[in-house]
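What follows is the residue order along each chain.
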Amino acid sequence: MKQRGAICMVAMWCAQVNAHDIHEQLVMLSRNPSDNYACIGQVPCSSRAMIDAKVAEARAAYPSWSARSIKERVEILQSVYDALYNRRDEITALAVKEIGIPIEICKLIDTKAGFSYFEGYLKHAEAWLAPEITFQNEQETHTLFFEGRGVAGVSVAWNYPFCNFIWGVMQNLIVGNTVVFKHSEECPLLGVLLEEIIATTKLPRGVFNVVHGVGSDVGEYLMNSNIDIIHFTGSSKVGKHLYEVAARKFIPAILELGGSAPAIVCEDVDMNLVLDSVYFNRFVNSGQTCDGLKRLIVHRSRLDEVVAGLQDILSTKRVGNAADVLTDIGPLVAQRQVDVIRQQEEDALKKGAIVAYGKKLASTLAGAYYPPTILINVTPDMRVWKEEVFGPILPIVAFDTIEEAVALANDTSYGLGGYVYTNNKDLALEIGRKLVTGNVTVNGADYVIPEDPFGGCKNSGMGREHGKHGLRELCTVKLVALK
């Protein structure tokens, strides 16, 4: 790994002189994006020696952990569930402070949802990982067994900090892998809290281990260490790099990356199915959702109706401090995120886009705030169309034929989610089959549930999470043919 003399991340890092170990020079500062980036705590970065020790502990714990039955692992992990659940309010409060998710939304789509996934894994694991007979006659029986791979290096994104932790860690533990986990540098205090809570449970020593630090330093060292599978949630750029790391190590990688999900609003649709769903899937968590609705493609005959309806909805929403229960839309995670979103919007305006909605922010707001914005007259050469927009901007374009709509939807390097709104079931299935994405929702149906495999194609990653397909991706599949 490339040695660096200094690391500079605006408003996030400070250096302390130590000539012996670069990692000991770094302390992560946690800052509140709702409150003018006020510092709320700090966490020391893990040294290379610490990372090596954690990986060694995970490797030592693997044989006994993987040898347990699925039922035994589930029983132990139930104690982890209970411990986390008993401190769910602390988890939520810290996520609100560090990330800026409005508190009522955080309770629903991060904390509560995280427990729902965890509960689903515990409930279905025995069935999803049960041995499966592939061939049988009077002389032979061929059976598949799903076994752990070893030590999983898990690194997850900040946008839904509790859900992402549950997705990355608990699925690996259930299948029998041991874990060395690194949370995002945007929420270092939450990473520490989760580590402290799990240390109080029945989970054996070494099965779950945590390291702290910057992804490009601590995360890079972890993924190049003695692990057996990479499990990563984050940007496409980093995901592609980790795919190369996995290839050099000749190990598998589960990569859940970015997205620029299209939504097609057909001519026949009942508008009651559309507006609230589009608002939620675009603007929830200030637009910082990987498979969130990023590009709206509307039949020309319904365009004015859709724009007017969304304008009405946004006019009732309050932008404010994430800790305020009345806040609908909070800040972005950091100032650099604001800068990127502003540049993307400015590029669109220079190329002819028109702001159909964009209210000035209250002068009392100080932090990583960005006004929810609707853009029309959008063209494919604009950054808001070509790039992932991880913020509260919605570009809208019109179409005349279904073929045109599908072509616009697939005009992206991403392939994570897709949205279709129509009253015609056959048309919905036709469009859904033509969208080049890993997941498609029709009329707001929720596909991100524990039972459904979740993942993408193209620059949105590879592999699946959740359900029997997701759990089995974390396993070595062994066939035993018995005569």
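See above for the structure.
Residues numbered from 1 in each chain as written. Predicted model: local features only at pLDDT ≥ 70, side-chain atom pairs only at ≥ 80, totals over all residues. Heavy atoms only, no water.

Caption draft 1: Layout of the pairing of strand 11 (residues 261-265). Extensive coverage of strand 11 is indicated by the burial of 5 of its 5 residues. Burial along strand 11 is two-sided: Ala-261, Ala-263 and Val-265 and Pro-262 and Ile-264, pointing in opposite directions, are all buried. Across 5 bridges, strand 11 lies against strand 12 (residues 293-299) in parallel orientation. Considered in strand 12, the bridge of Ala-261 is made with Leu-293. A crossover connection joins strand 11 to the parallel strand 12 through helix 9 (residues 275-283); in handedness this β-α-β unit is right-handed. With 3 bridges connecting them, strand 11 and strand 16 (residues 417-421) associate as parallel partners. (Buried < 20%, exposed > 50% of the residue type's maximum accessible area, 1.4 Å probe, protein only. Helix = DSSP H or I, 4+ residues; strand = E, 2+ residues; numbered from the N terminus. Pairing = 2+ DSSP bridges. Right-handed = clockwise from strand over helix to strand, strands pointing away.)

Caption draft 2: Structural view of the sheet that holds strand 4 (residues 132-136). Taking strand neighbours across the sheet as the criterion, the 3 strands line up as 4-5-19 in an open arrangement whose pairing is antiparallel. What marks the edges here is a single partner per strand, and that holds for strand 4 and strand 19 (475-482). Pairwise comparison of adjacent strand axes, ignoring direction, gives a mean angle of 25° for this sheet. Judged from the 8 bridges that link them, strand 5 (residues 141-148) and strand 19 form a sheet pairing that is antiparallel. (Axes fitted to C-alpha atoms, helices over the stretch in contact; angles between N-to-C directions.)

Caption draft 3: Summary view of empty space enclosed by the protein. Here the structure, examined in full by the defined rule, presents 2 cavities of 30 Å³ or more. In this model, the largest cavity occupies a volume close to 50 Å³. What lines the largest cavity is a set of 14 residues, among which Pro-262, Thr-412, Tyr-414, Gly-415 and Thr-437 lie closest to the centre. Considered class by class, the residues forming the lining of the largest cavity number 6 nonpolar, 6 polar and 2 charged. Space inside the second largest cavity adds up to approximately 40 Å³. (1 Å grid on protein atoms, 1.4 Å probe; cavity = no way out; pocket = protein on both sides within 12 Å on 5 of 7 lines; lining within 4 Å. Points joined across faces, edges and corners; volume = space filled by probe spheres on them. Nonpolar A, V, L, I, M, F, W, Y, C, P; charged D, E, K, R; others polar.)

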